[in-house]
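Listed below, chain by chain, are the residues.
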Amino acid sequence: MSIFSGLEKIVKTDCHLCNYTWFGLGGSADYVITPHTVDELRTVVIRCNENELPYKIIGFGSNLLVRDEGFRGAVIKLEGEAFSQIEYKGETVSVMAGASLSKLVLDCVRKGLGGLEALTGIPGSVGGAVKMNAGGTFGDIGASVQSAMLMDKDGNMFERVKPDLVFDYRCVNITARIILGATLGLAESDPEQMLRTTKEIWIYKKNSQPLNTRNAGCIFKNPRGVSAGALIDRAGLKGMRIGGAMVSEKHANFIVAEDSCSSSDVIGLIDAIRARVKEEFDIDLELELEIW
Ligand SMILES: Cc1cc2nc3c(=O)[nH]c(=O)nc-3n(C[C@H](O)[C@H](O)[C@H](O)COP(=O)(O)OP(=O)(O)OC[C@H]3O[C@@H](n4cnc5c(N)ncnc54)[C@H](O)[C@@H]3O)c2cc1C
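I will try to describe carefully the structure that is included in this document. (Residues numbered from 1 in each chain as written. Predicted model: local features only at pLDDT ≥ 70, side-chain atom pairs only at ≥ 80, totals over all residues. Heavy atoms only, no water.)

**So, helix 1 (residues 38-50)**
With 13 residues, helix 1 extends 18 Å between its outermost C-alpha atoms, agreeing within 8% with the 18 Å of an ideal straight helix rising 1.5 Å per residue. Within helix 1 the residues assigned to the buried category are Leu 41, Val 44, Val 45 and Cys 48. Buried residues in helix 1, looked at end-on, bunch into an arc of 95°, giving them a common side. With respect to the buried face of helix 1, the exposed residues turned more than 90 degrees away are Asp 39 and Glu 50. Looking one or two places after helix 1, you find Glu 52, whose phi comes out positive at around 50°. (Helix = DSSP H or I, 4+ residues; strand = E, 2+ residues; numbered from the N terminus. Expected span 1.5 Å × (residues − 1). Buried < 20%, exposed > 50% of the residue type's maximum accessible area, 1.4 Å probe, protein only. Arc of directions from axis to C-beta.)

Written out as structure tokens, the structure reads:
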């Protein structure tokens with residue numbers, strides 16, 4: 001009997017993960033599973049445990065590089081209606097992890113709920129945004145999250161609430177395997193003013209990031225008080241290439257994947273950048289990108 005018998009409708013086998021990431025790179029996973037309900041998700045997690053099958057959760061794959069060898073195990077993606085719901089109650093918004101962050105930001109702006117405009121132009125799911133504490137110069141999602149609904153490795157659901165929930169630069173102290181959703185505390189604001197703010201942020205991003213390319217946003221975290229992009233630029237690495245991977249001319253902390261690119265090209269370029277920045281400035285760059 002197969003590990004996932006009875007769940008065939010939501011399980012794909014030997015699936016190319018390049019179709020699930022913004023980089024469009026990487027080998028296959030043994031299984032890609034898209035549960036439609038929390039109960040189905042729990043069953044999947046329990047089956048993985050019973051069969052000692054490693055598994056990972058993927059959002060929209062906008063902060064991920066999958067190696068050319070792929071991932072031996074199951075990749076679980078929360079999508080469909082149950083995992084995309086957004087509920088508005090006054091200034092509080094409850095949102096499921098599979099919802100699109102960009103859609104959430106836009107909906108909130110239209111409804112006159114302020115607090116998320118800083119996240120304009122950040123792709124990905126709400127689950128990925130909470131896990132990464134997505135944000136930037138203008139603020140991060142952690143500032144608005146009041147609580148997160150989680151699932152542990154045994155399929156049990158529980159909630160973590162601030163101040164027990166602590167967000168820091170591109171991270172949060174969540175150790176549970178799965179983020180199911182989050183509750184956000186927003187504030188009534190003027191929709192027109194918010195729309196102007198989001199437009200300004202969009203223009204800023206369009207001018208400073210290679211948005212119409214295959215990339216995964218910033219590759220490295222900013223070391224304390226310094227911009228990683230500025231260090232890479234000052235080391236003269238803009239335009240540097242390995243195979244089909246290139247340091248963006250527009251933003252030195254972005255790597256752009258061209259048609260012939262493989263994941264090992266991107267990893268080779270990451271190693272080369274780190275070595276040069278260490279040599280020039282004696283600074284160790286830490287990855288913001290996650291590599292599977
Ligand atoms: C053009 C571009 C611009 C970007 N700009 C920014 C920016 O300004 N600021 C910023 O912070 N990031 C930025 N990013 C990076 C990325 O968009 C964010 O990190 C985003 O929050 C990742 O969300 P995702 O759903 O794509 O997560 P994924 O890339 O799919 O996953 C990222 C991590 O989150 C985990 N994860 C995802 N969903 C869940 C879940 N439900 N439960 C548990 N774990 C989960 C994954 O296992 C993985 O560890 C940018 C990326 C691109 C391509």
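**What to know about the sheet that holds strand 5 (residues 71-77)**
The 4 strands are arranged 1-2-5-3 in an open sheet whose pairing can be described as mixed. Where the open sheet ends on each side, the last strands, each with one partner, are strand 1 (11-16) and strand 3 (55-58). Across this sheet, the average inter-strand angle for adjacent strands is 35°, counted without regard to direction. Bridge count for strand 1 against strand 2 (residues 28-33) is 5 bridges, and the pairing is antiparallel. Within strand 2, the residue paired with Cys 15 across the bridge is Ala 29. (Pairing = 2+ DSSP bridges. Axes fitted to C-alpha atoms, helices over the stretch in contact; angles between N-to-C directions.)

**A look at the site of the ligand**
The local shell around the ligand holds 35 residues, among which Ile 57, Ser 62, Ser 125, Gly 135 and Glu 290 are the closest. At a separation of 2.9 Å, an oxygen atom of the ligand approaches a polar backbone atom of Phe 60. At 3.2 Å from an oxygen atom of the ligand is found a side-chain nitrogen or oxygen belonging to Lys 205. Elements that contribute at least two residues to the shell around the ligand include exactly strand 3, helix 3 (126-132) and strand 15 (178-185). It is helix 3 that contributes the most residues to the shell around the ligand, 5 residues altogether. (Near = heavy atom within 4 Å. Polar contact = N/O pair within 3.5 Å; in protein donor to acceptor, adjacent residues only side chain to side chain.)

**Digging into the packing of aromatic side chains**
One pass over the full model with this rule turns up 3 aromatic pairs. Plain terms: the ring middles of Phe 71 and Trp 292 are 6.3 Å apart, the flat faces sit at 50° to each other, and that makes the pair tilted. Remark: Trp 292 occurs in the segment after strand 20 (290-291) and Phe 71 occurs in strand 5; sequence separation between them is 221 residues. Like Phe 71, the residue Trp 292 is buried in the burial classification. (Phe/Tyr/Trp six-rings, centres within 6.5 Å; stacked < 30°, edge-to-face > 60°.)

**Quick notes on the nonpolar core**
Side chains that are nonpolar tend, in soluble globular proteins, to be buried together. Counting 29 residues, the largest nonpolar core has Leu 104, Leu 116, Val 130, Val 145, Ile 174 and Leu 184 as the members making the most contacts within it. Secondary-structure elements contributing two or more residues to this core are strand 7 (92-96), helix 2 (101-110), helix 3, strand 11 (145-151) and strand 15. At 4 residues, helix 2 tops the list of elements feeding residues into this core. In this structure, Val 130 is in contact with Ile 141, Val 145, Phe 167, Val 172, Ile 174, Ile 179 and Ala 182, ignoring residues within four places of it in sequence. If you look at the next biggest cluster of nonpolar residues, it comprises 25 residues, including Ile 219, Leu 237, Ala 252 and Leu 269. (Core = buried A, V, L, I, M, F, W, Y, C linked by side-chain atoms within 4.5 Å. Contact = heavy atoms within 4.5 Å.)

**Here's the deal with the pattern of salt bridges**
Under the defined criterion, the tally for this structure stands at 10 salt bridges. Here Arg 42 ties to Asp 39 by a salt bridge, and the two come within 2.8 Å at their closest N and O atoms. Remark: Asp 39 and Arg 42 occur in helix 1; sequence separation between them is 3 residues, near one turn of the helix. Look at Arg 42 and you get partly exposed, because its relative accessible area is 25%. Taking the shortest distance from any N to any O, the salt bridge between Glu 258 and Arg 241 comes out at 2.7 Å. Within this pair, whereas Glu 258 is found in the loop between strand 19 (255-257) and helix 6 (263-281), its partner Arg 241 is found in strand 17 (residues 241-242), the two being separated by 17 residues in sequence. Residue Arg 241 is classed as partly exposed on the basis of its relative accessible area, which comes to 45%. Within the structure, one salt-bridge network assembled from shared partners comprises Lys 278, Asp 282 and Asp 284. (Salt bridge = Lys/Arg side-chain N within 4 Å of Asp/Glu carboxyl O.)

**Re the environment of Val 161**
Along the chain, the position of Val 161 falls in strand 12 (residues 157-161). For Val 161, a relative accessible area of 40% gives the class partly exposed. Setting aside residues no more than four positions away along its own chain, Val 161 makes contact with Gln 146 and Ser 147.

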